[in-house]
Amino acid sequence: MLDQSFTEKNYLRLTKKSDPRKYKMGRNKNDYLLYHTKLINRLKELKFRLAPIKARRTSKGDMVILGPHHPITEFALRKVNDNLKRIFKIKPKSREQIVKQIITLLKEPVPFTVLKLDVEKFYENIPIEKVLEKINSNPIPSQQTKNIVNHFFNSSKAGLCRGQAISSTLSEIYMRSFDRKVSSHPKVYYYARFVDDIIIFTTDSREIIEGFASTSLPFGLKFNCKSDELKKEVTKKSDTVNVQSIEYLGYKFSTVSNKKKSVDVGIAGNKLNKIKSRVICSLKQYCIDGDFGLLKDRVRFLTGNYSISSKRRGLKAGIYYNYPLIDNNGLGKKDLKGLDVFLTKNILSKNGSLGSKLSPMLTVAKRKELLRLNFSFGFTNRKFCKFSAERIVLIRKAWKHVA
């Protein structure tokens, strides 16, 4: 039976490793339980009615929360999120599993069309009142759960905020009927959605399936104008081989329109550009602050792998863990080599607006230190670098305002 109650035991289960230090909860389990007792008592005094959300739009139009939540709000929302995920049976989607399925399907020697769509301003355009209707009309969520989510989003008229675990859950609740409708279409034999990114394998035409998906979207949502398509046709040996590619979830999938069961997997173009931008930002920041130790850590961070502070132990990221499924003997190898060349050229550059400033600041010894670091080695050997949470924040500051 689902335990929806707001108790010390449930709060303790939802406590993250970083919480005791962040919220000054004490030193041991008993201290944590006492801390949670105080939060729960205060929540009961408020009759499970949290202060409404305070959010603003960024320059890009994204909705973000203004400042951190008070601990009463933070832990209450965690429990609400936990309750809703269990009630609506929402499970985290595996990016890696979706990519593996795509690779397998692309290898099939049959004709098909692959359509990639993405929802415009996904979180911001979800009408919160429609999501709340789905929760309130369901008899299973407890009244405390409904009170908290209704009062918290009471003043929100602009959709969901990014970076909130509960926003992800609410969006999944809202998109459930759409997912079922598209995946059950007789001409769709594979459908996947990862947040706002959708991929469809179909035996029908692009126009028909895209039109069907567009009209099936829930109220308030629409697709971005630009969509991608890959059309594979089984050709005769004498026919010209047509090489096509499509990008999805940070990967680039390249295939040929013949009977070959091979798919080349590399890094998506926008992800490669993002990595290159971060290299440039790191070098530019060094020209400003002259902190070589920090520059070296930034390059290590980009070319290597590292741990992410999370409730889930062993969560890792970096050049290998972000793209573990790229082909290290084909397109993936080419992409990594391209990043290595880009990094080397910029470190050795003596001309241009960046090179003219960077060159006098880098001694031969410093250049050699930086040139020992490269993306190919970091990927192939899964080179792991240890950084504190504070150091990672400092490292990322260099490209904080770059898309």
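Residues numbered from 1 in each chain as written. Predicted model: local features only at pLDDT ≥ 70, side-chain atom pairs only at ≥ 80, totals over all residues. Heavy atoms only, no water.

Q: I'm lost on the packing of aromatic side chains in this one. Help?
A: In this description, a pair of aromatic rings is defined by centroid distance and the angle of the planes. Following the criterion strictly, the structure yields 17 aromatic pairs and no others. Ring centres 6.3 Å apart and planes at 70° place the aromatic pair Phe178 and Tyr191 in the edge-to-face group. One end of the pair, Phe178, is in helix α9 (residues 165-183); the other, Tyr191, is in strand β4 (residues 188-194), with 13 residues separating them in the sequence. By the burial criterion, Phe178 is buried, and Tyr191 matches it. By way of ring pairs, the aromatic residues Phe112, Tyr189, Tyr190 and Phe201 are connected into one cluster. Of note, Arg78 hangs over the ring of Phe75, and the distance from its end group to the ring centre comes to 4.6 Å. In this structure, Lys130 is placed above the aromatic ring of Phe219, and the distance from its NZ or CZ to the ring centre is 5.4 Å. (Phe/Tyr/Trp six-rings, centres within 6.5 Å; stacked < 30°, edge-to-face > 60°. Helix = DSSP H or I, 4+ residues; strand = E, 2+ residues; numbered from the N terminus. Buried < 20%, exposed > 50% of the residue type's maximum accessible area, 1.4 Å probe, protein only. Lys NZ or Arg CZ within 6 Å of the ring centre and 35° of its normal.)

Q: Explain helix α3 (residues 29-45) to me, please; I cannot follow it from the model alone.
A: Note that an α-helix has 3.6 residues per turn; residues three or four places apart therefore point the same way. With 17 residues, α3 should reach 24 Å at 1.5 Å per residue; the first-to-last C-alpha distance of 24 Å fits that figure. Among the residues of α3, those classed as buried are Tyr32, Tyr35, His36, Leu39, Ile40 and Leu43. Burial along α3 is one-sided: seen end-on, the buried residues are contained in an arc of 135°. Structural note: α3 exposes Asn30, Lys38 and Glu45 on the side pointing more than 90 degrees away from its buried face. Of the surrounding elements, those touching the buried residues of α3 are α1 (8-13), α2 (19-23), α4 (71-87) and α8 (143-152). Here α3 starts with a cap whose side-chain oxygen sits 3.2 Å from the backbone nitrogen of Asn30, and that cap is Asn28. Looking one or two residues beyond α3, the residue adopting positive phi is Lys47, at roughly 55°. (Expected span 1.5 Å × (residues − 1). Arc of directions from axis to C-beta. Contact = heavy atoms within 4.5 Å. Polar contact = N/O pair within 3.5 Å; in protein donor to acceptor, adjacent residues only side chain to side chain.)

Q: What should I look at first to understand the pattern of salt bridges in this one?
A: Pairs can form between side chains of opposite charge once their charged atoms are near each other. Throughout the structure, instances matching the rule amount to 19 salt bridges. In this structure, the salt-bridge partner of Asp82 is Arg13, at a minimum N-O distance of 2.9 Å. Taken as a pair, Asp82 in helix α4 and Arg13 in helix α1 lie far apart in primary sequence, 69 residues in all. When its relative accessible area of 9% is taken as the criterion, Asp82 is described as buried. Between Glu390 and Arg21 there is a salt bridge, and its shortest N-O distance comes to 3.7 Å. (Salt bridge = Lys/Arg side-chain N within 4 Å of Asp/Glu carboxyl O.)

Q: Sorry, what's going on with the sheet that holds strand β5 (residues 197-202) here?
A: Note: strands within a sheet are paired through backbone hydrogen bonds, in either parallel or antiparallel orientation. Strands sit in the order β4-β5-β3-β6 across an open sheet of four strands; the sheet is antiparallel. The sheet is open, and its two edges are formed by β4 and β6 (228-232), each paired on a single side. Strand-to-strand, the axes of this sheet are offset by a mean angle of 10°, without reference to chain direction. Two elements, strand β3 (residues 112-118) and β6, share five bridges in a ladder whose sense is antiparallel. Across the sheet, Phe112 pairs through a bridge with Lys232, a residue of β6. Its contacts with the sheet put helix α5 (residues 95-106) on β3, β4, β5 and β6, and the angle it makes with β4 is roughly 150°. In the packing of helix α10 (residues 206-216) onto the sheet, contacts are made with β3, β4, β5 and β6, and the angle to β3 comes to roughly 35°. (Pairing = 2+ DSSP bridges. Axes fitted to C-alpha atoms, helices over the stretch in contact; angles between N-to-C directions.)

Q: Would you mind going over the environment of Tyr191 with me for this structure?
A: Taking the relative accessible area as the measure of exposure, Tyr191 reaches 14% and is therefore buried. Residue contacts for Tyr191: discarding those within four places in its chain leaves Phe178, Asp179, Val182, Ser183, Ile198, Ile199 and Ile200. At a separation of 2.5 Å, a polar atom in the side chain of Tyr191 contacts the side chain of Asp179.

Q: Is there a simple way to think about unusual backbone geometry in this case?
A: In terms of backbone geometry, most residues other than glycine have negative phi values and most peptide bonds are trans. Look at Lys121: it is not a glycine, yet its phi comes out positive at around 45°. With respect to the element layout, Lys121 can be found in the loop between β3 and α6 (122-125).

Q: Explain the sheet that holds strand β9 (residues 264-267) to me, please; I cannot follow it from the model alone.
A: Here we have three strands laid out as an open sheet, ordered β7-β8-β9, and antiparallel in their pairing. A single partner strand is all that each edge strand has here, and the edge strands are β7 (243-248) and β9. Across the sheet, the axes of successive neighbouring strands diverge by a mean angle of 25°, strand direction being ignored. Of the strand pairs in this sheet, strand β8 (residues 251-256) and β9 are connected by four bridges, and their pairing is antiparallel. Looking at the pairing, Ser254 lines up with Asp264 of β9.

Q: What is the right way to look at the side chain of Asp297 in this model?
A: Relative to the helices and strands, Asp297 is located in helix α12 (residues 292-303). A distance of 2.9 Å separates a polar atom in the side chain of Asp297 from a polar atom in the side chain of Arg391. Once residues lying within four places of it in the same chain are set aside, the contact partners of Asp297 are Phe387, Arg391 and Ile395.

Q: Would you mind going over the packing of helix α7 (residues 128-136) against α8 with me for this structure?
A: Here α7 crosses α8 at 170°, and the two axes come no closer than 11 Å. The orientation of α7 with respect to α8, classified from their angle, is roughly antiparallel. Contacts from Leu132, Ile135 and Asn136 in α7 reach Lys146, Val149 and Asn150 in α8. Per-class residue counts for the contact of α7 with α8 are three nonpolar, two polar and one charged. (Parallel < 35°, antiparallel > 145°, perpendicular 65-115°, else oblique. Nonpolar A, V, L, I, M, F, W, Y, C, P; charged D, E, K, R; others polar.)

Q: Quick question: what am I supposed to make of the nonpolar core here?
A: Most often, soluble globular proteins keep nonpolar side chains buried together rather than apart. Within the largest apolar cluster, 59 residues are counted, with the highest numbers of intra-cluster contacts made by Ile102, Leu106, Phe201, Phe253 and Phe375. Apart from the residues lying within four places of it in its own chain, the contact partners of Leu106 are Phe112, Val114, Phe201, Leu230, Lys232, Phe253, Thr255 and Val263. Judged by nonpolar contacts, the second largest core, of 53 residues, contains Phe75, Val119, Tyr123 and Ile198. (Core = buried A, V, L, I, M, F, W, Y, C linked by side-chain atoms within 4.5 Å.)

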